[in-house]
Amino acid sequence: MLPLAQIVAVAENGVIGRNQTLPWHLSSDLKRFRALTWGRPLLMGRHTFLSIGRPLPGRISIVLTGDPTFSAEAGVRVGRDLGEALTLAEAAAMELGAEDIMVIGGRRVFAETLPLASTIHLTRVHASPAGDVLLPPYDPAEWREVERDGPMQGPKDDFPFSYITLARA
């Protein structure tokens, strides 16, 4: 199996979402997200896909959902369970020539893939906004920090943030 890398922005209070969207706008982080995910398969849940609203260019979207009525537009692949979604993501990675699979949310997909992930690209948002979706906890003893940059805040960013890359210990 190809390595899985989770990519997530999380506030200091654990919030990753509010009302099916991000509770902040971080233009700088969106650019980093694009750079990290370009040319790779994106594994996500149905709510995450619907919040994005479309397949992202330069990537292949794999939506994990147990909803038997869900169908997506052409080019989006749908896995009904994690095993099927990972098989679709591996095939997409081969098509793209990618060496890993990017897991981009939401909460349930992060929780299901955490035991399989080798890397977490974490954007720590230095704020505690209200939200209704929290990042599932991970055991810090299982991870080591390999890179950190920040805090920083660009002119189009709602809050300061830091980039932290974690590798499985």
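Residues numbered from 1 in each chain as written. Predicted model: local features only at pLDDT ≥ 70, side-chain atom pairs only at ≥ 80, totals over all residues. Heavy atoms only, no water.

Colleague: Describe in detail the side chain of S162, supporting the description with residues and values.
Modeller: Within the fold, S162 resides in strand β10 (residues 161-168). Note on S162: relative accessible area 2%, which makes it buried. In contact with S162, not counting residues within four places along its chain, are L122, T123, R124, H126, D149, G150 and P151. (Helix = DSSP H or I, 4+ residues; strand = E, 2+ residues; numbered from the N terminus. Buried < 20%, exposed > 50% of the residue type's maximum accessible area, 1.4 Å probe, protein only. Contact = heavy atoms within 4.5 Å.)

Colleague: Account for the pairing of strand β4 (residues 60-64), naming residues and giving values.
Modeller: Among the five residues that make up β4, five are buried, leaving the element largely enclosed by the rest of the structure. Residues I60, I62 and L64 line one face of β4 and the alternating positions S61 and V63 line the opposite face, and both faces are buried. In this region the chain leaves strand β3 (residues 41-45), passes through helix α2 (residues 46-52) and returns to the parallel neighbour β4; the handedness of that crossover is right-handed. (Right-handed = clockwise from strand over helix to strand, strands pointing away.)

Colleague: Account for the layout of surface pockets, naming residues and giving values.
Modeller: Over the atoms rolls a probe the size of a water molecule, and its path tells where empty space is left. Of the voids in this model, the largest pocket is the one considered here, and its volume is about 1100 Å³. Along the wall of the largest pocket there are 40 residues; nearest its centre are L22, T48, S51, I52 and I104. Put simply, the parts of the chain that give the lining of the largest pocket at least two residues each are β1 (4-11), β2 (15-17), α1 (27-37), α2, β6 (101-105) and α4 (107-113). Of all the elements, α2 adds the most residues to the lining of the largest pocket, at five residues. (1 Å grid on protein atoms, 1.4 Å probe; cavity = no way out; pocket = protein on both sides within 12 Å on 5 of 7 lines; lining within 4 Å. Points joined across faces, edges and corners; volume = space filled by probe spheres on them.)

Colleague: An account of empty space enclosed by the protein is requested, with residue identities and associated values reported.
Modeller: Considering all chains together, one arrives at one cavity of 30 Å³ or more under this definition. Approximately 60 Å³ is the volume found for the largest cavity. Taken together, Q6, V8, F110, A111, L114, I120, L135, P136 and Y138 form the lining of the largest cavity. Contributions of two or more residues to the lining of the largest cavity are made by β1 and α4. Split by residue class, the lining of the largest cavity holds eight nonpolar, one polar and no charged. (Nonpolar A, V, L, I, M, F, W, Y, C, P; charged D, E, K, R; others polar.)

Colleague: Please provide a residue-by-residue account of the sheet that holds strand β5 (residues 77-79), values included.
Modeller: Picture the strands of a sheet paired through backbone hydrogen bonds; they go either parallel or antiparallel. Ordered in space as β5-β4-β3-β6-β1-β7-β10-β9, the eight strands form an open sheet in which the pairing is mixed. Of all the strands in the sheet, the pair left with one neighbour each is β5 and β9 (143-152). Direction aside, the axes of adjacent strands within the sheet are offset by 20° on average. Sheet strands in contact with helix α3 (residues 82-96) are β1, β3, β4, β5 and β6, and its direction is about 175° off that of β4. (Pairing = 2+ DSSP bridges. Axes fitted to C-alpha atoms, helices over the stretch in contact; angles between N-to-C directions.)

Colleague: An account of the environment of G39 is requested, with residue identities and associated values reported.
Modeller: Within the secondary structure, G39 is located in the loop between α1 and β3. When its relative accessible area of 21% is taken as the criterion, G39 is described as partly exposed. For G39 and V76, which are 37 residues apart along the polypeptide, the C-alpha to C-alpha distance reads 15 Å. For G39, the contacting residues outside a window of four places in its chain are G58, R59, L96 and A98.

Colleague: Residues and numbers for unusual backbone geometry, please.
Modeller: In the segment running from G105 into G106, the intervening peptide bond is cis, with an omega of 0°. Note on placement: G106 falls in the loop between β6 and α4. With an omega of 10°, the peptide bond running from G150 to P151 counts as cis. For N19, which is not a glycine, the phi torsion comes out positive at approximately 50°. Mapping N19 onto the fold places it in the loop between β2 and α1. Given a relative accessible area of 59%, N19 falls into the exposed group.

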